[in-house]
Every structure is written in C-alpha cells, then in structure tokens.
Amino acid sequence: MTRPIKDLFGNSKAMSVCEAAYIMGISDQALRILLQRKDMPWGMAWRGRGKAYQYYINRKKFMKEFGDD
C-alpha cells in the first residue's frame, strides 16, 4: 500500500536521504552517491568533519520534480 507523498512528510525545508530515496524507488546509498557526484539539482553533499559526508535535499525543489500533485 502506498500513501500520497504529502502524507509522508512534515513541512521541513530539508528532506532526509531516506525519504527522498523511498520516493525515487532507489536505495539510500545510491542516492548518497548521486549527491556526492553532484548529479542532483535539488540536493548536495559535502565532507563534514573527518571523512563523513553531510547531505542536504531541498524539499520544495525535490517535490517539484517527484511530487504527486
């Protein structure tokens, strides 16, 4: 059973990698790699402290491309 996208998430300006990957139908890791390669216009990745990456996905831009409205 699938729920409408607007019922899944709150009104935050950011979206988690897990949420975006679920909507896209891909794994979290696949989306992380796409963000690291700068292949997604609505998100970005950067190295934080140490070697770990930080991720940001703009909810409004993402939903414009993948939303169900």
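Residues numbered from 1 in each chain as written. Predicted model: local features only at pLDDT ≥ 70, side-chain atom pairs only at ≥ 80, totals over all residues. Heavy atoms only, no water.

**Student:** Would you mind going over the pattern of salt bridges with me for this structure?
**Tutor:** When charged atoms on two side chains of opposite charge get close, those side chains can pair. For the coordinates displayed, the defined rule picks out 2 salt bridges. Across the pair Arg59 and Glu19 runs a salt bridge whose closest N-O atoms are separated by 3.5 Å. Here Arg59 is found in helix α4 (residues 59–66), whereas its partner Glu19 is found in helix α2 (residues 17–24), with 40 residues between them in sequence. On the accessibility criterion, Glu19 (22% relative accessible area) is partly exposed. Taking the shortest distance from any N to any O, the salt bridge between Arg37 and Asp39 comes out at 3.4 Å. Of the residues examined, Asp39 reaches a relative accessible area of 35% and is grouped as partly exposed. (Salt bridge = Lys/Arg side-chain N within 4 Å of Asp/Glu carboxyl O. Helix = DSSP H or I, 4+ residues; strand = E, 2+ residues; numbered from the N terminus. Buried < 20%, exposed > 50% of the residue type's maximum accessible area, 1.4 Å probe, protein only.)

**Student:** Would you take a moment to explain the environment of Gln54 for this structure?
**Tutor:** Mapped onto the secondary structure, Gln54 falls in strand β2 (residues 53–57). Along the backbone, Gln54 and Arg32 are 22 residues apart, and their C-alpha atoms lie at a distance of 9.5 Å. The residues contacting Gln54, other than those within four sequence positions of it, are Met44, Ala45, Trp46 and Gly48. (Contact = heavy atoms within 4.5 Å.)

**Student:** Mind showing me how you'd approach the nonpolar core here?
**Tutor:** What tends to happen in soluble globular proteins is that the nonpolar side chains get buried as a cluster. Counting residues in each nonpolar core, the largest one holds 12 residues, listed as Met15, Val17, Ala20, Ala21, Ile23, Leu31, Leu35, Met40, Trp42, Ala45, Ile57 and Phe62. If you list the elements that add at least two residues to this core, you get α2 and α3 (28–36). Element by element, the count of residues in this core is highest for α2, at 4 residues. (Core = buried A, V, L, I, M, F, W, Y, C linked by side-chain atoms within 4.5 Å.)

**Student:** Help me understand the confidence of the model for the protein chain in this model?
**Tutor:** Caution applies to low-pLDDT parts of the model: their predicted coordinates are not meant to be read in detail. Scored by pLDDT, the protein chain comes out at a mean of 84, with 80% of its residues at no less than 70. Within the protein chain, the element-level pLDDT minimum falls on helix α1 (residues 5–8), averaging 50, and the maximum on α3, averaging 97. (pLDDT = per-residue confidence, 0-100.)

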